[in-house]
Structures are given as C-alpha cells and as structure tokens.
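Coordinate analysis (summary)
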Amino acid sequence: MKSLKMLLRFAIVGGLILLLLIPLMMIRGVISERSAYRDEAYSRVAESRAGTQRLVGPVRVVPWVERQQVEVVDAQGNKKTEVQITEGHWLQVPTSLDVNGELVPSQRSVGLFKVPVYSWNGTLKASFAADDYPVKAGRSYGQPYVALGVSDARGLVGTPDLRVDGKQLKLQPGVGTASVLGRGLHAPLASFADASGGTLAASSVALDIRLDGSRALSVVPVGDDNHIALRSTWPHPSFSGAFLPNERRVDGKGFDARWAVSSLASDAQRQLRSEGDLDAQAVEVSLVDPIDAYTQADRASKYGILFVVLTFVGFILFELIKSLRIHPLQYLMVGLALAIFFLLLISLSEHITFWKAYLVSAVACIGLQAVYLAHVLGHWKRGLGFAAMLTLLYGALYGLLVSENNALLMGSLLLFVILALAMWVTRRVDWYALGAELK
C-alpha cells in the first residue's frame, strides 16, 4: 500500500512537469512573436530607406532586333509569308573587375528594435576587351550601353560619377533589355557605324557611387578576374555567399575583407547569360548583432523543462531522505517561478544588453525561490542550498548560450555530472525502507 502511495507521488510530480510545459510553450510563443516584430522592423526600414543591396556589373550590352520571313499555314490551309520579329541583346562581361569601398554603419530605431544600416562609398573599375558582334541576316543592332545592376535603386545618394575611357557619361535609370540585372542604371555608348554588326572597341569603365542599404551588401563577380575589397568600422561582420574572403581582418575597430575570384571558379557569367540565380554566386557581408537576444532567449527556453525536472528531482530526494512533506501546489509554485525567468529574460533584453538581462532575471528568480524554499523545506540553510544549486544551473545555462559551438558537448557533460552526482548521493539509500517510512 505504501509503495503504491510512493508510486502515486511520482505520478503526481510527473503530471506537474507535463503541466508546466504549457507556460513554457507559451513563453516560447512570446519569444517567436517578438522575433517576428523585429523582422517587421527590418522590413519597415527597408521599405522607407533601402533594403539589402546587390551589385551586378558593370557590363556592356548591345540590343538587337531580328526579322525573319517565315511561312505559316492559316486555318483554311492556305500558306502565307509573315515577318517574325525577335528581340534580344548581346552581353559582354569585363575582363577585369575591381570593387572597393567602405561601409559606414549606423542604426535606425523602430520602436524597441534597432536595425543596422550603412552607406557604402564605393569605386568600381572594369576593363573590357574589343568584341566583334556577328553579322546575321535580318539582324540589326541598336545603340550599345554600359549597365549596372542595383537591387534597390532608392539607396542611390546623389548622382554616381561614370567615366568611360576617361570621358564622363550621363547615367539613366533602368538596365534596358538586360532584365537579368534587375533594377539599376545604364549609359549609352557610341553606336555601330554599321547597324548589321561591327566591333565594340576595348574600353575601361570607372564608377564612383554612394549607396545606402540595410543589413547586407553583396557583389556578383561577373568579370573574368575579380578583386573585391570591403571595409567598415562595424566590428561584427558575417561573411557568406558563394565565396569567403581570401584575406580578412576583424577586430574591435572593424573589418577589412578581400576576395579574389576567377571566372574559372565562379558560375556567375553563365548564370548572367542564362538569366539564372545570380544571388547564388555573390559574395556577401552582413552587419549583424553578435548577441541576438531573441535567438539566445529561444535557446535558453529549450532548457526550461530540464530546470524543472532537476529541481523536482531535488525535491523528491528531500522528501525521501529528510522525510519532508512538500505539497504538489508548492511544486507547482516553484516550477512557475522557474518558468517566469525566461519571460523576464526576453522582456528585459529588449531594453538592456543580454548578459545584464540574464543576470537581473536570474538574481530575481533565485532570490524569490531562496526565501520561499526556506519555509517550504523547514530551514533557511536548505533554502540557501537549493538557491546555490539553482545558481549553478543558471551559470551552466549561460555558459551553454555564449559557447554556441560547444553547447552540445557542454550540455552532455553537465547532464552526465548531474546524473553521476545523484547516483553517488543515493548509492546507499534503501528505497524500499524509505517508501515504508513515508507518512
């Protein structure tokens, strides 16, 4: 009968643990909701200022129109000749492309959220070889032009300075027939002497541009030989895209990154000509927050059930070894105090730095439970003992959060140590006798 009572006790505690999953899941829902609000803030900044920017080019484009006579058969079976018109363009990539510039970072506040933005003061230099355009019956070429793809033209500050062979040209909006570039700018070049074809002479293109954007800047290496150099005072860059920097320096003063990409290693030219996915071939640098409060809080909340289980195991050991009586409602109160820590953490981290929010939340919850457990367990020393155990747990959790690369290893070792300690403490306990002594 008494063994049945002990089994019922364990079942009640297990039910309380399952019940506490509800507030823990609700808190995780709050974290996801706040993270969604943060993403909305990013979108609002992108809508009112400029979004992430992607540069493609410069490239030289020659539009053409082709007229061919084709024989068609109408519904009555009669044959007739019609003129079929096809439009397209001939696209030439640079033999060498140099992109250089500095991202000047700042932040825009949208409510509680801060969005990293930048102004890029860039210089682009491209060299083009002479190119012969084929003569084809029925095809006529239009005026050649040089084009630059910019994903969000609203970020252009002032008028970019374009020089072709040292001569300044006036830029116009749009990229003409080269729709694969997306949005951007273009400037007409000298026309062919013969509209049916000809040779576009070798030339050099230089462009000075100031471009505003938010969060990230990417450059597509469309040249045969590409050299890209980006620098900024932002100390927390994230390098991504198809190619990582060949050289980089990242410290408290900012970063300086350099890429050297050959067309032999990049698929950008084929994607450009086939109108494929250019983003997949870009090099990208993002201005990120090294400690994302919502990501950290979400990771911390995943350990909430572990906190509850370990604390309840400690209560059960006190009940059995010290013959204490702890009411299920007292279990529930302590479990809710453990859960409220994560809600305090996410709410405070929106106003102060994450580590300060973690410290304040942990001190508040540990202090609350120390006072409460001193009465529940019948002595202030027991309350302080449990507070010390919780302090170790919160400290271990913070170590897991800040050491993301070693989180799995540290978590596994922590669980092993806790299990080993529990087994060592109870190695000589006669569980049958303790069950018989329960009042």
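I will try to describe carefully the structure that is included in this document.

What counts as what
Residues numbered from 1 in each chain as written. Predicted model: local features only at pLDDT ≥ 70, side-chain atom pairs only at ≥ 80, totals over all residues. Heavy atoms only, no water. Helix = DSSP H or I, 4+ residues; strand = E, 2+ residues; numbered from the N terminus. Buried < 20%, exposed > 50% of the residue type's maximum accessible area, 1.4 Å probe, protein only. Contact = heavy atoms within 4.5 Å. Expected span 1.5 Å × (residues − 1). Polar contact = N/O pair within 3.5 Å; in protein donor to acceptor, adjacent residues only side chain to side chain. Salt bridge = Lys/Arg side-chain N within 4 Å of Asp/Glu carboxyl O. Patch = residues over 30% accessible without salt bridge, like charges linked within 9 Å, V, L, I, M, F, W, Y side chains within 5 Å. Areas by Shrake-Rupley, 256 points an atom, 1.4 Å probe, with all protein chains shown as cover. Axes fitted to C-alpha atoms, helices over the stretch in contact; angles between N-to-C directions. Parallel < 35°, antiparallel > 145°, perpendicular 65-115°, else oblique. Left-handed = near helix turned anticlockwise from the far one by under 90°. Nonpolar A, V, L, I, M, F, W, Y, C, P; charged D, E, K, R; others polar. Core = buried A, V, L, I, M, F, W, Y, C linked by side-chain atoms within 4.5 Å. 1 Å grid on protein atoms, 1.4 Å probe; cavity = no way out; pocket = protein on both sides within 12 Å on 5 of 7 lines; lining within 4 Å. Points joined across faces, edges and corners; volume = space filled by probe spheres on them.

**A few points about the overall build of the protein**
A tally of helices and strands in the protein yields nine helices and 19 strands. The buried share among the 439 residues of the protein stands at 43%. Considering only contacts within the protein whose residues lie at least 6 apart along the sequence, 76% involve residues at least 24 apart.

**Details of helix H6 (residues 354-376)**
Residues spaced three or four apart along an α-helix point in a common direction, a consequence of the helix completing one turn every 3.6 residues. Taking 1.5 Å as the rise per residue, H6 with 23 residues should run 33 Å; its terminal C-alpha atoms sit 32 Å apart, in good agreement. Regarding H6, the residues found buried are Phe-354, Ala-357, Tyr-358, Ser-361, Ala-362, Cys-365, Ile-366, Gln-369, Ala-370, Leu-373, Ala-374 and Val-376.

**Digging into the environment of Arg-249**
Within the element layout of this structure, Arg-249 appears in strand E17 (residues 247-251). What makes Arg-249 partly exposed here is its relative accessible area of 39%. Residues Arg-249 and Pro-235, 14 residues apart in the sequence, show an inter-C-alpha distance of 10.0 Å. Sequence-distant contacts of Arg-249, that is, excluding residues within four places in its chain, are made with Gly-254, Phe-255 and Asp-256. Side-chain polar atoms of Arg-249 contact the side chain of Asp-251, separated by 2.8 Å.

**Details of the pattern of salt bridges**
All chains considered together, the criterion is met by six salt bridges. Here Arg-163 makes a salt bridge to Asp-208, at a shortest N to O gap of 3.4 Å. Of this pair, Arg-163 sits in strand E8 (residues 161-164) while Asp-208 sits in strand E13 (residues 203-214), and the two are 45 residues apart along the sequence. In this structure, Arg-249 and Asp-251 form a salt bridge, with 2.8 Å as the shortest nitrogen-oxygen distance. One salt-bridge network, held together by shared partners, links Asp-161, Arg-163 and Asp-208.

**Here we look at a nonpolar patch on the surface**
Together, Leu-18, Leu-21 and Met-25 give the surface a local cluster of nonpolar side chains, amounting to about 300 Å² of exposed area. Tracing the backbone through its elements, the reader meets Met-25 in helix H1 (residues 2-48). We classify Met-25 as exposed; its relative accessible area is 53%.

**Focus on the packing of helix H5 (residues 328-349) against H6**
For the pair H5 and H6, the least separation of the axes is 8 Å and the interaxial angle reads 165°. Between H5 and H6, the angle is such that the two are roughly antiparallel. The element H5 and its partner H6 pack so that their crossing is right-handed. Contacts between H5 and H6 involve Gln-330, Met-333, Val-334, Ala-337, Leu-338, Ile-340, Phe-341, Leu-344, Leu-345, Leu-348 and Ser-349 on the former and, on the latter, Phe-354, Ala-357, Tyr-358, Val-360, Ser-361, Ala-362, Cys-365, Leu-368, Gln-369, Tyr-372, Leu-373 and Val-376. When its residues are assigned to classes, the contact of H5 with H6 shows 19 nonpolar, four polar and no charged.

**Digging into the nonpolar core**
Counting residues in hydrophobic clusters, the biggest one holds 55 residues, and the most contacted among them are Val-59, Trp-120, Leu-162, Leu-181, Leu-230, Trp-259 and Leu-272. Residues Ile-27, Leu-345, Val-376 and Ala-387 belong to the second largest nonpolar core, which totals 43 residues.

**Section: empty space enclosed by the protein**
Within this structure, the stated rule accounts for one cavity of 30 Å³ or more. Looking at the largest cavity, its volume works out to about 60 Å³. Residue lining of the largest cavity: Pro-58, Val-146, Ala-147, Leu-148, Leu-162, Leu-171, Leu-185, His-186 and Leu-207, and that is the complete set. Mapped onto the lining of the largest cavity, the elements with two or more residues apiece are strand E7 (145-150) and strand E11 (184-188). By residue number, the principal contributor to the lining of the largest cavity is E7, which donates three residues. When the residues that make up the lining of the largest cavity are grouped by side-chain class, the tally is eight nonpolar, one polar and no charged.

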